[in-house]
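One-letter residues, chain by chain:
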Amino acid sequence: MDISGEGVLFLVLCISCLVFLKWRTRHEKGKLPPGPTPLPILGNMLQLDSREVPKSMMALYKKYGPVFTIYMGLRRVVVICGYDAVKEALITRSEDFSERGDLPSFDKVFRKHGVAFSNGETWKQLRRFTLSTLRDFGFGKRSIENRVQEEAKCLVEEFRKKKEMPFDPTFFFSQATSNVICSIVFGNRFDYEDKEFLTLLQMINESFQLSSSFWGQMYTSYTNIMDYLPGPHNKIFQCLQNLADFIKEKVKQNQETLDPDNLRDFIDCFLIKMQQLYKKYGPVFTIYMGLRRVVVICGYDAVKEALITRSEDFSERGDLPSFDKVFRKHGVAFSNGETWKQLRRFTLSTLRDFGFGKRSIENRVQEEAKCLVEEFRKKKEMPFDPTFFFSQATSNVICSIVFGNRFDYEDKEFLTLLQMINESFQLSSSFWGQMYTSYTNIMDYLPGPHNKIFQCLQNLADFIKEKVKQNQETLDPDNLRDFIDCFLIKMQQEKQNPVSEFHMLNLIFTTLSLFFGGTETTSTTLRYGFLILLKHPQITEKIQKEIDLVIGQNRDPSMEDRKKMPYTDAVVHEIQRFSDLLPLGVPHTVAQDTQFRGYTIPKNTDVYPMLTSVLWDPKHFKDPKTFNPGNFLDENGDFKKNDAFMPFSAGKRICLGEGLARTELFLLLTNILQNFTLKTTKDPKDIDISPLFGALGNLPRPYELCLVPR
Ligand code: HEM
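Residues numbered from 1 in each chain as written. Predicted model: local features only at pLDDT ≥ 70, side-chain atom pairs only at ≥ 80, totals over all residues. Heavy atoms only, no water.

The name recorded for the protein chain in an unreviewed UniProt entry is Cytochrome P450 2G1-like, from Microcaecilia unicolor. Per UniProt, the protein chain has the following entry under Cofactor (unreviewed entry): "heme". (UniProt positions renumbered as here; feature names shortened; annotations may be inferred.)

As a further point, take the overall build of the protein chain. Of regular secondary structure, the protein chain possesses 30 helices and 11 strands. Taking all 710 residues of the protein chain together, 47% fall into the buried category. Counting only contacts in the protein chain whose residues sit at least 6 apart along the sequence, the fraction spanning at least 24 positions is 69%. Here the protein chain displays about 36900 Å² of accessible surface, and carbon together with sulfur accounts for 56% of that area. (Helix = DSSP H or I, 4+ residues; strand = E, 2+ residues; numbered from the N terminus. Buried < 20%, exposed > 50% of the residue type's maximum accessible area, 1.4 Å probe, protein only. Contact = heavy atoms within 4.5 Å. Areas by Shrake-Rupley, 256 points an atom, 1.4 Å probe, with all protein chains shown as cover.)

The next thing to look at is the sheet that holds strand β3 (residues 284-289). Pairing is mixed across the open sheet formed by five strands, whose spatial order is β3-β4-β9-β6-β5. Each having just a single partner strand, β3 and β5 (316-317) make up the two edges of the open sheet. In the sheet, β5 pairs with strand β6 (residues 588-589) via two bridges, with the strands oriented antiparallel. When the bridges of β6 are listed, Glu 316 appears paired with Thr 589. (Pairing = 2+ DSSP bridges.)

Moving on to the nonpolar core. Within the largest apolar cluster, 125 residues are counted, with the highest numbers of intra-cluster contacts made by Phe 515 and Phe 530. Among the elements that make up this core, the one with the highest residue count is helix α25 (residues 504-535) (14 residues). Discounting chain neighbours no more than four positions away, the residues touching Phe 530 are Phe 390, Leu 669, Ile 672, Leu 673, Leu 678 and Tyr 703. Residues Met 203, Tyr 219, Phe 237 and Cys 239 belong to the second largest nonpolar core, which totals 24 residues. (Core = buried A, V, L, I, M, F, W, Y, C linked by side-chain atoms within 4.5 Å.)

Turning our attention to the UniProt feature "binding site: heme" (unreviewed entry) in the protein chain. In the numbering adopted here, UniProt assigns the feature "binding site: heme" (unreviewed entry) to Cys 655. Tracing the sequence through the fold places Cys 655 in the loop between α29 (611-615) and α30 (658-675). The residues contacting Cys 655, other than those within four sequence positions of it, are Arg 344 and Phe 648.

Bridging between strand β1 (residues 67-72) and strand β2 (residues 75-80) involves six bridges; their strand directions are antiparallel. Paired with Met 72 across the strands is Arg 75, a residue of β2.

With 32 residues, α25 should cover 46 Å at 1.5 Å per step; its first-to-last C-alpha distance of 47 Å lies within 8% of that length. With 27 of 32 residues buried, α25 is to be regarded as a mostly interior element. (Expected span 1.5 Å × (residues − 1).)

A few words now on the side chain of Asn 422. Mapped onto the elements, Asn 422 comes out in helix α20 (residues 412-428). The buried category is assigned to Asn 422, whose relative accessible area is 9%. In contact with Asn 422, other than residues within four places in its own chain, are Thr 387, Phe 388, Glu 520 and Arg 527.

This part takes up a nonpolar patch on the surface. Together, Ile 41, Leu 74, Ile 225, Tyr 228, Leu 229 and Tyr 445 line one region of the surface with nonpolar side chains, adding up to about 660 Å² of accessible area. Along the chain, the position of Leu 74 falls in the loop between β1 and β2. (Patch = residues over 30% accessible without salt bridge, like charges linked within 9 Å, V, L, I, M, F, W, Y side chains within 5 Å. Salt bridge = Lys/Arg side-chain N within 4 Å of Asp/Glu carboxyl O.)

It is worth spelling out the site of the ligand at this point. Taken together, 26 residues form the shell around the ligand, and within it Arg 317, Arg 344, His 588, Ser 649 and Cys 655 come nearest. The separation between an oxygen atom of the ligand and a polar side-chain atom of His 588 is 2.7 Å. Here an oxygen atom of the ligand and a side-chain polar atom of Ser 649 are 2.6 Å apart. The set of elements that each furnish at least two residues to the shell around the ligand consists of α17 (337-353) and α25. Considering every element that reaches the shell around the ligand, the biggest residue donor is α25, with six residues. For the shell around the ligand, the class distribution of residues is 14 nonpolar, nine polar and three charged. (Near = heavy atom within 4 Å. Polar contact = N/O pair within 3.5 Å; in protein donor to acceptor, adjacent residues only side chain to side chain. Nonpolar A, V, L, I, M, F, W, Y, C, P; charged D, E, K, R; others polar.)

What follows deals with the confidence of the model for the protein chain. In the predicted model, the protein chain carries a mean pLDDT of 89, and the fraction of residues at 70 or more is 95%. Low pLDDT (under 50) marks residues 1-20, which in the prediction has two contacts with non-local residues, meaning those over four places away or in another chain. In the predicted structure, residues 25-29 sits below a pLDDT of 50 and forms four contacts with residues beyond four places in sequence or in another chain. Prediction confidence for the complex, expressed as pTM and ipTM, is 0.67 and 0.99 respectively. (pLDDT = per-residue confidence, 0-100.)

Attention now moves to unusual backbone geometry. Unusually for a residue other than glycine, Lys 163 sits at a positive phi of about 50°. By the element assignment, Lys 163 lies in the loop between α7 (142-160) and α8 (170-185). The class of Lys 163 is exposed, set by a relative accessible area of 67%. Backbone geometry at Arg 328 places phi at a positive 45°, although glycine is not the residue there. Looking at the secondary structure, you find Arg 328 in the loop between α16 (321-327) and α17. Take Arg 328: its relative accessible area is 47%, and that puts it in the partly exposed class.

The structure is reproduced here in structure tokens:
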């Protein structure tokens, strides 16, 4: 018989598995409660009748006594039976037995959050808060009795409508009981005819039924395997996720109308508690994002102290796992120490040679603004999604420097690259990006949309690799065409240096940092800005008046004009402040244990300088949640600087493209408003300018723009 290598490996694995299980059961017999011997993989599944698990357990109770061990598939469980043993564990030894165990089908959605599934200090605090808030809403008092009495009357009325006909009472009972708790958590009860309410109750019912079925049990027993298999167990997560989404929407509505003097329900009370905690823990606090410990720095004073006053200590780049996986800490944006210092110095001086901070970059932006206006004219006043027009315009400016050429707006390859930049930024800012940051090592093994981020970034890196190859083949030291050429020459100059930072990976990933940073950030800000202008037509009109007065219709806007256009300048600043593109900043870290404001931040802890908390700091901006260009204007209508304006961050690591971004924002916006009047398909009052995501980036909601030539 011919046994292949894989066959032998499989056999060895099976035998090792058996030996290990045997050894483990023997070895642990002394400590673990008794129980039936488990089989590999199956555990004691053969002793458990999936239709009657409690009955099977009772049989084992008889055989092994009140405390026994069983293996539900791969999961080891200790079962406690009978009044005496249960009382001893849950009451006498309550301290030891009060942690919540795994309930995998719920854990997948709840992820150990909330009062029912959390543990330790989190659970203690949530339970204390929940009980006292419910008490404030009448729990254990006369008022809850009244609510139940009211609901009982409604139920009796509903039953009367049945006119003695037989009916299934399931949802009547759940509507009645649910209404009592809904009136406290959501501040209102629902009508018995309410279709949405009934759908939610059906989802609760279905997820409970499925969790109690064979499929729920299989998921509990083989969680890691079942995660990859189709089957009815997936319906449980879908139902629970839908319920969570419904609550998320309710929370959003409460947030928008929150009034601290009139707390309407449990959600309001929780929101206020969150606000109080920020005040309680002050501007520097530690949170655990899943398995990742992060120190968060909030408010203008503390962020300024860390990034500017203590710039030496806080300028290392922290982890941004979804980018790190592809960049592997190479290139100017993600490297650290001496590598970063050299790359940053070289990048800045090369970009300066290509016109950064000079008149020539302004000319490039002006040229690109004209191309964009031409593209917009082709739309002939029809509504369109402006996303990729803005990214084509901003990207072309940086492309003309790093690759030596701009791309045509019809270029399919260019559009595909921009789509990849856009998609990876969107996904990094979504729930999946956040999950990847919080549980990097686990998510690495799981399928899901987060994998698309790496795929996009890798494709972008491959595109740059190809560009570098083309440059290498045609390199002429007397005619340096672009950033890549300059880097290649630097590599040649440093050829003799075995520890040079100027090597291929740093070339590819510095170029990708510029390409990515130079595209997505400014174009998303423009996209957000035009949505805000659609919402506020009176602000748009005022900008156009200023354009007509200072520039007129017969020449192109220039940066010189900005000084004479304080209102437009203030609006551009307010767009950046309000849209708050990178709310958490880009992670920093500390290279050694660092004392900060009386605390010790351990070496290598990620530090988030919360840019939101600076841009929305009420001490520096009046009514920060409202869009108000007045934040940057003095009483005479002149432009007023504000030190807390930090969308580009601050200190040594401050955005390397700030000057370019500001030039682009001003020139592109004024060019468009000089040439077009904005129109939308929606009533301005219905335009939602709250962000779509809020992890890495704040993104505007999708919309259509309509441009009418002036
Ligand atoms: C509105 C537009 C932009 C915003 C809001 C923005 C914001 C930021 C922020 C917050 C950082 C992180 C700073 C820190 O670590 O504390 C950053 C870094 C960076 N940005 Fe920008 N950026 C914009 C445009 C650009 C442009 C046009 C470029 C292209 C040249 C660019 C290239 C970079 C690079 C290379 C870094 C990494 C710097 C380093 O780690 O040393 N950004 N940006």
